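# Topology and contacts: notes
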Amino acid sequence: MFSRRGFLGTAALVTASAVSGRVQAAAIPEAPTMDKAVMQPPLHPTSGPDYRPVVTLNGWSLPWRMNGDWKEFHLVAEPVVREFADGMKANLWGYNGQAPGPTIEAVEGDKVRIFVTNKLPEHTTVHWHGMIVPAGMDGVGGLNQPHITPGKTFVYEFEMKHSGTFMYHPHSDEMVQMAMGMMGMFIVHPRDPAFRPVDRDFVFIMSSYLIDPGTYLPKVNEMTDFNMWTWNSRVYPGIDPMPIRLGDRIRVRIGNLTMTNHPVHVHGHNFAVTCTDGGWVPESAQYPETTTDVPVGAVRAFDMLADNPGDWAFHCHKSHHTMNAMGHDVRNFIGVSRKDLAKAVGKLAPDAMVMGSTGMAMGNMEMPAPDNTLPMMTGTGQFGPIEMGGMFTVMKIREGLGRDDYADPGPYNYPPGTVAYEVDAPAAEPARQPPAGERKTKPSMKGMKM
Ligand SMILES: [Cu+2]
């Protein structure tokens with residue numbers, strides 16, 4: 001858990017007269033830090049205007065302190081160890097103990113002061129993606145400000161010009177630092193709490209890594225062939241489930257700082273994209289979807305009425321992005337005779353296991369793997385193996401959950417007679433046309449209903 005010492009405690013000691021455009025080193029607020037990769041409860045505001053806070057999948061929101069009429073936050077850029085799922089950790093760079101960094105929440109009209117301390121071995125900056133800020137606060141190293149060298153603290157000050165869903169990330173050795181996991185979400189709530197309110201507001205950011213099985217460090221120069229597709233630097237089954245009360249109106253806000261687009265898909269419901277990193281989508285421009293593409297360097301937030309109880313898959317629809325630690329240089333053996341294959345392989349490698357001639361479903365069987373990696377397809381549901389990894393989780397829509405209850409409600413209790421079932425009867429062979437060469441006459445279309 002984060003330490004809130006100093007935040008709530010010191011807020012009352014600071015007087016409005018202490019505030020000027022320039023702050024002294026002694027005024028740097030404490031930097032809370034997080035040691036867990038588990039979704040923390042929503043951080044309700046204790047000062048400033050009211051709003052319904054977001055929850056971050058496997059993450060948290062950064063506490064602040066008021067200093068006069070400024071909201072002060074403190075980000076610390078530093079090396080971190082992030083667990084992707086049980087059985088795999090990665091050495092990343094992030095903020096305040098985790099990668100991605102904490103979600104920052106503020107309100108339209110707020111004056112925000114963000115301290116950034118650099119504990120990395122190289123310089124960095126922070127860019128506020130999508131936010132309307134003065135040019136000198138935009139965070140492109142060299143262009144808008146000097147880079148923040150190791151050990152130094154810089155201050156960003158700006159007013160929240162508009163509400164919406166934004167991101168933050170370095171603009172300083174950007175390729176390396178984003179490939180190492182440095183990013184986070186920045187939510188600016190509308191000043192009017194009646195503007196498009198929702199009951200539950202989920203947030204995460206997508207990143208991708210190439211980490212060879214058995215190693216801990218991402219290969220930062222990779223451009224396309226990633227093997228870890230993550231939501232908040234977690235992969236299924238390590239991604240938090242999304243508990244939702246039946247009848248809740250929910251919002252899901254997704255940032256994408258990977259190197260490709262991700263069509264995210266929800267089962268059992270439809271939704272409308274209501275917000276991008278450019279602002280709110282007018283109602284007249286919204287339309288129903290079940291999949292929406294989240295482009296690279298963009299944010300999509302969708303609103304959905306959770307009116308269908310059950311366990312519903314929510315995932316990226318690129319099937320390779322719901323796999324873990326996947327090698328791509330693999331031949332397709334579907335339809336190849338197992339006997340011939342076994343004979344050929346046996347000559348070369350007597351102990352090798354031949355597989356893949358009927359597909360790759362492995363069920364409960366998992367291949368031996370080095371330490372610190374994850375099975376390609378994994379996860380178990382009440383009916384058996386789920387065979388997913390990567391960008392996949394489950395929306396668990398239940399009656400009667402508490403308002404701020406985000407505890408996993410467990411597997412769905414299906415009402416009797418509502419689950420697909422096996423019939424105990426032989427299936428008749430369908431009548432088929434013989435292959436073209438064996439046909440006596442040309443197939444006739446006459447009499448066929450088209
Ligand atoms: Cu994807």
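Residues numbered from 1 in each chain as written. Predicted model: local features only at pLDDT ≥ 70, side-chain atom pairs only at ≥ 80, totals over all residues.

## Some words on the overall build of the protein chain
Heads up, the rule is: What counts as a helix is a DSSP run of H or I of at least four residues, what counts as a strand is a run of E of at least two, and both are numbered from the N terminus. In this scheme every C-beta is placed from the backbone, and a residue whose C-beta has 20 or more other C-beta atoms within 10 Å is buried, one with 12 or fewer is exposed, and one in between is partly exposed. The contact criterion used here is simple: two residues whose C-beta atoms, placed from the backbone, lie within 7 Å are in contact.
The helix and strand tally for the protein chain stands at 3 helices and 23 strands. Relative to its full complement of 450 residues, the protein chain shows a buried share of 38%. Contacts spanning at least 24 positions in sequence make up 74% of the contacts within the protein chain whose residues lie at least 6 apart.

## A look at the sheet that holds strand S15 (residues 262-266)
Here is the rule: The rule for pairing is simple: two strands pair if DSSP sees at least two bridges between them. Inter-axis angles, ranging from 0 to 180 degrees, are taken between N-to-C directions of lines fitted to C-alpha atoms, where helices are fitted over the stretch in contact.
Reading across the sheet, the 5 strands line up as S13-S23-S20-S15-S18 and stay open at both edges, with mixed pairing between neighbours. Edge positions in the sheet fall to strand S13 (242-245) and strand S18 (291-294), since each has one partner strand and no second. Neighbour to neighbour, the strand axes of the sheet diverge by 20 degrees on average, direction disregarded. Judged from the 6 bridges that link them, strand S20 (residues 310-316) and strand S23 (residues 392-398) form a sheet pairing that is antiparallel. Paired with His-315 across the bridge in S23 is Phe-392.

## Description of the nonpolar core
Convention followed: Definition of nonpolar core: a set of buried Ala, Val, Leu, Ile, Met, Phe, Trp, Tyr and Cys residues joined via C-beta atoms within 7 Å. Domain start and end points were adopted from an automatic or database domain assignment.
Trp-93, Met-167, Phe-186, Phe-202 and Val-235 are the most contacted members of the largest nonpolar core, which has 87 residues in total. Three or more residues apiece are contributed to this core by two domains, here domain 1 (7-195) and domain 2 (242-398). Dropping the residues within four chain positions of it, Met-167 is found in contact with His-129, Gly-130, Met-183, Gly-184, Met-185, Phe-186, Ile-205, Gly-255, Leu-257, Asp-277 and Val-299.

## With respect to the confidence of the model for the protein chain
For clarity, the threshold we go by: pLDDT runs from 0 to 100 and stands for how confident the predictor is about each residue.
Looking at the protein chain as a whole, the pLDDT averages 88, with 84% of positions reaching at least 70. Every residue in residues 1-20 is under pLDDT 50, and counting partners more than four places away or in other chains gives 26 contacts.

## A look at unusual backbone geometry
A cis geometry characterises the amide bond from Ala-99 onward to Pro-100, with omega recorded as 0 degrees. As for its position among the elements, Pro-100 is in the loop between strand S4 (88-95) and strand S5 (104-107). Looking along the chain, the bond that leaves Tyr-236 and enters Pro-237 is cis, with omega of 10 degrees. Structurally, Pro-237 is set in the loop between strand S12 (228-231) and S13. Positive phi outside glycine occurs at Glu-387, with the angle close to 60 degrees. With respect to the helices and strands, Glu-387 occurs in strand S22 (residues 384-388).

## Overview of the sheet that holds S5
What the 4 strands build is an open sheet, ordered S5-S10-S9-S7; its pairing is mixed. Edge strands, defined here as strands with exactly one partner in the open sheet, are S5 and strand S7 (127-129). Looking at each pair of strands side by side, their axes are set apart by 25 degrees on average, direction ignored.

## Points about the pairing of S23
The buried fraction of S23 is high, at 6 of 7 residues. One ladder, built from 4 bridges, connects S13 with S23; its direction is parallel. Note on S23: the bridge partner recorded for Pro-243 is Lys-396.

## Some remarks on the environment of Trp-312
Turning to its location among the elements, Trp-312 is positioned in strand S20. Spatially, the C-alpha atom of Trp-312 lies 9.6 Å from that of Met-242, the residues being 70 residues apart in sequence. Not counting chain neighbours up to four residues away, the residues in contact with Trp-312 comprise Val-266, His-267, Gly-268, Val-394, Met-395 and Ile-397.

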